[in-house]
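These are the residues of each chain, in order.
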Amino acid sequence: MTNEQVREARAKLGEMWKAGGGSLTAKELARALGLSEKYGTDHVYNMESGKSAVSGTVEMLLRIYLAGGVPPDDVVIFRDPKPRKRSP
């Protein structure tokens, strides 16, 4: 899978999974792929820019997702924004 195909997959999965469409963020894709919270976003950007190779596991997951598969129920891709502190 090429870096361009990873970018296209992120956009397509956003259309499939997000209410209202729009591309997944790199952080959301990292969560869907089970990448670490600390380095996952950077790894997505590196795969998209060609700095990192796309592993066979990541490619397989992306192909499964693009074919209609979904992450397990315990994988949280979309997180609610942090609640704002109320002013007194």
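All residue numbers here refer to positions counted from 1 along the written sequence of the relevant chain. Local features in this predicted model are restricted to residues of pLDDT 70 or higher, and side-chain atom pairs are both shown and tallied only at a pLDDT of 80 or more, whereas totals for entire chains, interfaces and linings draw on every residue. For side-chain calculations, the full set of non-hydrogen atoms in the structure is used, while hydrogens and water are omitted.

### Quick look at helix H1 (residues 3–17)
- Secondary structure elements follow DSSP: runs of H or I of four or more residues count as helices, runs of E of two or more count as strands, with numbering from the N terminus. To estimate how far a helix should reach, multiply one less than its number of residues by 1.5 Å. Here H1 spans 21 Å end to end across 15 residues, near enough to the 21 Å set by a 1.5 Å rise per residue.
- Turning to H1, its buried residues number three or more, namely Val6, Ala9, Arg10, Leu13, Gly14 and Trp17. One side of H1 carries all its buried residues, which in axial view fall inside an arc of 135°.
- Buried residues in H1 make contact with helix H2 (26–32), helix H3 (40–49) and helix H4 (56–66). When a residue's accessible area, from a 1.4 Å probe over protein chains only, is under 20% of the maximum for its type it is buried; when over 50% it is exposed; and in between it is partly exposed. Directions from the helix axis toward the C-beta atoms define the arc. Two residues qualify as a contact provided that any one of their heavy atoms is within 4.5 Å of a heavy atom in the partner residue.

### Things to note about the nonpolar core
- Counting 17 residues, the largest nonpolar core has Leu13, Trp17, Leu29, Leu33 and Leu62 as the members making the most contacts within it.
- Contributions of two or more residues to this core are made by H1, H2, H3 and H4. Here, nonpolar core refers to any group of buried Ala, Val, Leu, Ile, Met, Phe, Trp, Tyr and Cys residues whose side-chain atoms link them within 4.5 Å.

### As for the pattern of salt bridges
- Here, a salt bridge means any Lys or Arg side-chain nitrogen found within 4 Å of an Asp or Glu carboxyl oxygen. The final tally for this structure, using the stated rule, is five salt bridges.
- As a salt-bridge pair, Arg7 and Glu4 come within 2.4 Å of each other at their nearest N and O atoms. In this pair, Arg7 and Glu4 are both assigned in helix H1, three residues apart and thus about one turn of the helix distant.
- Judged by its relative accessible area of 32%, Arg7 is partly exposed.
- With a relative accessible area of 36%, Glu4 lands in the partly exposed category.
- Note that Arg10 is salt-bridged to Glu48, the shortest N-O span being 2.7 Å.

### Some words on the packing of H1 against H4
- Only the contacting stretch of a helix is used when fitting its axis, a line to C-alpha atoms as for every element, and angles between N-to-C directions run 0 to 180 degrees. Two elements in contact, H1 and H4, have axes separated by 10 Å at closest approach and are oriented at 35°. In this structure, the crossing between H1 and H4 has a hand that is left-handed. On H4, the residues touching Val6, Ala9, Lys12, Leu13, Met16 and Trp17 of H1 are Leu62, Tyr65 and Leu66.
- By residue class, the composition of the contact of H1 with H4 is eight nonpolar, no polar and one charged. Helix crossings are classified by the rotation of the near helix relative to the far one: an anticlockwise turn of less than a right angle makes the crossing left-handed, while a clockwise turn makes it right-handed. Polar here means any residue other than Ala, Val, Leu, Ile, Met, Phe, Trp, Tyr, Cys and Pro, which are nonpolar, and Asp, Glu, Lys and Arg, which are charged; Gly is therefore polar.

### Side note on the packing of aromatic side chains
- Pairing of aromatic rings covers Phe, Tyr and Trp, the last counted by its six-membered ring, and requires centre-to-centre distances within 6.5 Å; plane angles under 30 degrees mean stacked, over 60 mean edge-to-face, and any other angle means tilted. Summed over all chains, the structure comprises one aromatic pair.
- Geometrically, the ring pair formed by Trp17 and Tyr65 is edge-to-face, given 5.1 Å between the ring centres and 70° between the ring planes. Placement of Trp17 in helix H1 and of Tyr65 in helix H4 is noted, with a sequence separation of 48 residues between them.
- Tyr65 sits in the buried class, given a relative accessible area of 4%.

### So, the side chain of Glu28
- The residue Glu28 is located in helix H2 in this model.
- For Glu28, the residues in contact, after removing those within four places along its chain, are Lys18, Ser23, Ile77 and Phe78.

That's the geometry; what it means functionally is another story.
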